[in-house]
Amino acid sequence: MGSQLLVTAQLYAGQNKRWGEGVIFTSGASWKKQRKLAVNCLQELGFGRSSFKVYIADEAKILIELIEQNTEASLNLKDILVMCVSNVMCGIVFGRRFSHEDKQFLEVAANFSEDAKYIGHASILMNCFPFLQYLPGYLLRTKTILEHKNVFDKFYEDLYESHQSTLDVNYPRDFMDLYLTEMEKNSTLPDKEEITYSKNQLKALVGDLFGAGTETTSTTLLWAILYLLHYPDVQEKCFDEIQTVLGLERFPSLDDRSHIPYCEATILETLRITVVAPLAVPHATTIDVYFRGFRIPKESSILINLDSIFHDSDIFNDQGVFSPKRFLDSPHHVKFPLDAISSPYTTFIPFSCGTRVCIGEKVAQMKLFIFLTSMIQKFQFLPFDPCHSPDLEGNLGIVYTPPCFQVQIVRRQDVKSN
Ligand code: HEM
């Protein structure tokens, strides 16, 4: 199925239409238009260029400060990571960050994180048994998801109004401005039928970027810390590499990526072993498809099992072992550098592949690199109970999340002086 998806991606690029706006849960012409515009806006804002770097670097510094302030107390690393990762998205989309004491922002960030659990169960079940979408009530937590949607609508509404009232089409400041500029251009077109840019589309798109971009990234970082507790030798190797190349003071930057290959390999291994989006997003066939003698009718739901690829022992030896060095072909060279993954030539596709490949791959890679290396540079992470490392069995939603765990955090400068 993997090779089929690559060669004939278009045939599997559909979605059983559920919500009709945005990109993730839509199909056809509307999906194509919104996706193209979203990709263009993200590119214009500097995927791989300076502006994202600034938001990510600033937020990584705040992440380190927040952990610093909490090394003595028991720390909820998950909440802090969710807030910092969300704030990078806020910078990109709204051109501003929010205080970690802002109640509305905290609620929105926490809701997205919770929804990833419910939407996973709901969308997988609804794709297999479409009649379930018509059931009322709490079975699939649709009521909770709708309540969360109302909170997001209010948050979005204020930002939309302030952007619209201060928009200067010649100087777009962020994703929202770029979309509004496109919307204005389109409103002057004579053929109204063609116009698919709207306030609601933008709201759905922004929701998709937060929904798809926050939980995946913060969860990968949390898994990385959990694995480093289990594999202290890997943690020390990463730290040694960072200390040798950067020292303890200079913050990591994206230019350091090729100089600290073991750290980059550790991120790749985390993406492989944990598979945070194990079933990607449900697809659907766009026409009748014939596969290994079976006819798959048009609009059938297709789930891509990425987990089965990353844990296939024919592809990855000792697939159950956390071993970053499998991604190195020499001590100084990464086999599948982060920016070459998800190409049709590898079997390592944590961001999926083909027509519906993740649109946030590049920004996710940057955040993973800067956030993780900054944390490893400044802190040593130890199991809270030295005799017992926390469980590695996670929970399956649309994102595969680690169990709750406590961690003891020691400042590297204190480790050194002990
Ligand atoms: C570690 C981080 C991430 C992982 C592992 C990840 C993985 C994925 C996967 C597996 C898909 C499904 C592709 C498919 O349907 O075949 C996807 C879709 C998507 N991702 Fe990501 N993602 C990550 C971060 C992000 C970020 C930061 C953003 C936003 C900037 C983002 C935005 C999206 C969107 C909008 C889609 C839907 C694309 C479409 O349906 O056309 N993701 N992602």
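Structure's up top.
Here is a short report on the structure shown in this document. Fair warning: this is a prediction, and the values are worked out from it, not measured in the lab.

A few words on the site of the ligand. Among the 26 residues in the neighbourhood of the ligand, the closest are listed as Trp31, Arg35, His283, Ser352 and Cys358. His283 is positioned with one of its side-chain polar atoms (N or O) 2.7 Å from an oxygen atom of the ligand. Within the contact set of the ligand, an oxygen atom lies 2.6 Å away from a side-chain nitrogen or oxygen of Ser352. For the shell around the ligand, the secondary-structure elements that each account for two or more residues are α2 (28–44), α8 (199–230) and α12 (361–378). Residue classes in the shell around the ligand are distributed as 16 nonpolar, seven polar and three charged.

Here we take up the nonpolar core. Formed by 112 residues in total, the largest nonpolar core has its most connected members in Leu77, Phe94, Phe175, Leu202, Phe371, Met375 and Phe381. Residues in contact with Leu77, not counting those within four places in the same chain, are Ile67, Leu222, Ile225, Phe381 and Val407.

Before going further, it helps to examine the pattern of salt bridges. What the rule picks out here adds up to 17 salt bridges. Here Asp177 makes a salt bridge to Arg173, at a shortest N to O gap of 2.6 Å. By relative accessible area, which is 0% here, Asp177 ends up buried. Residue Arg173 is classed as partly exposed on the basis of its relative accessible area of 42%. With a closest N to O distance of 3.1 Å, Asp256 and Arg250 form a salt bridge. Judged by relative accessible area, which is 41%, Arg250 ranks as partly exposed. If you follow the salt bridges from partner to partner, you end up with Glu68, Arg411 and Asp414 in one network.

The subject of this paragraph is the environment of His259. The residue His259 is located in the loop between α9 (232–246) and α10 (261–274) in this model. For His259, a relative accessible area of 48% gives the class partly exposed. Separated by 18 residues in sequence, His259 and Glu241 place their C-alpha atoms 8.8 Å apart.

With that settled, consider the environment of Ile359. As for its position among the elements, Ile359 is in the loop between β6 (333–334) and α12. Classification of Ile359 by relative accessible area gives buried; the value is 19%. The sequence separation of Ile359 and Gly213 amounts to 146 residues, and the corresponding C-alpha distance is 9.4 Å.

Just one protein atom coordinates the iron atom of the ligand, and that atom is Cys358 (SG), at 2.3 Å. Tracing the backbone through its elements, the reader meets Cys358 in the loop between β6 and α12.

Our next topic: the environment of Gln164. If you trace the backbone, Gln164 turns up in helix α6 (residues 142–166). Accessibility expressed as a relative area gives 42% for Gln164, which makes it partly exposed. Taking the C-alpha atoms as reference points, Gln164 and Asp177, separated by 13 residues in sequence, lie 7.9 Å from one another.

Calculation criteria
Residues numbered from 1 in each chain as written. Predicted model: local features only at pLDDT ≥ 70, side-chain atom pairs only at ≥ 80, totals over all residues. Heavy atoms only, no water. Near = heavy atom within 4 Å. Polar contact = N/O pair within 3.5 Å; in protein donor to acceptor, adjacent residues only side chain to side chain. Helix = DSSP H or I, 4+ residues; strand = E, 2+ residues; numbered from the N terminus. Nonpolar A, V, L, I, M, F, W, Y, C, P; charged D, E, K, R; others polar. Core = buried A, V, L, I, M, F, W, Y, C linked by side-chain atoms within 4.5 Å. Buried < 20%, exposed > 50% of the residue type's maximum accessible area, 1.4 Å probe, protein only. Contact = heavy atoms within 4.5 Å. Salt bridge = Lys/Arg side-chain N within 4 Å of Asp/Glu carboxyl O. Donors = N, O, S within 2.8 Å, 3.2 Å for Na, K, Ca; no water.

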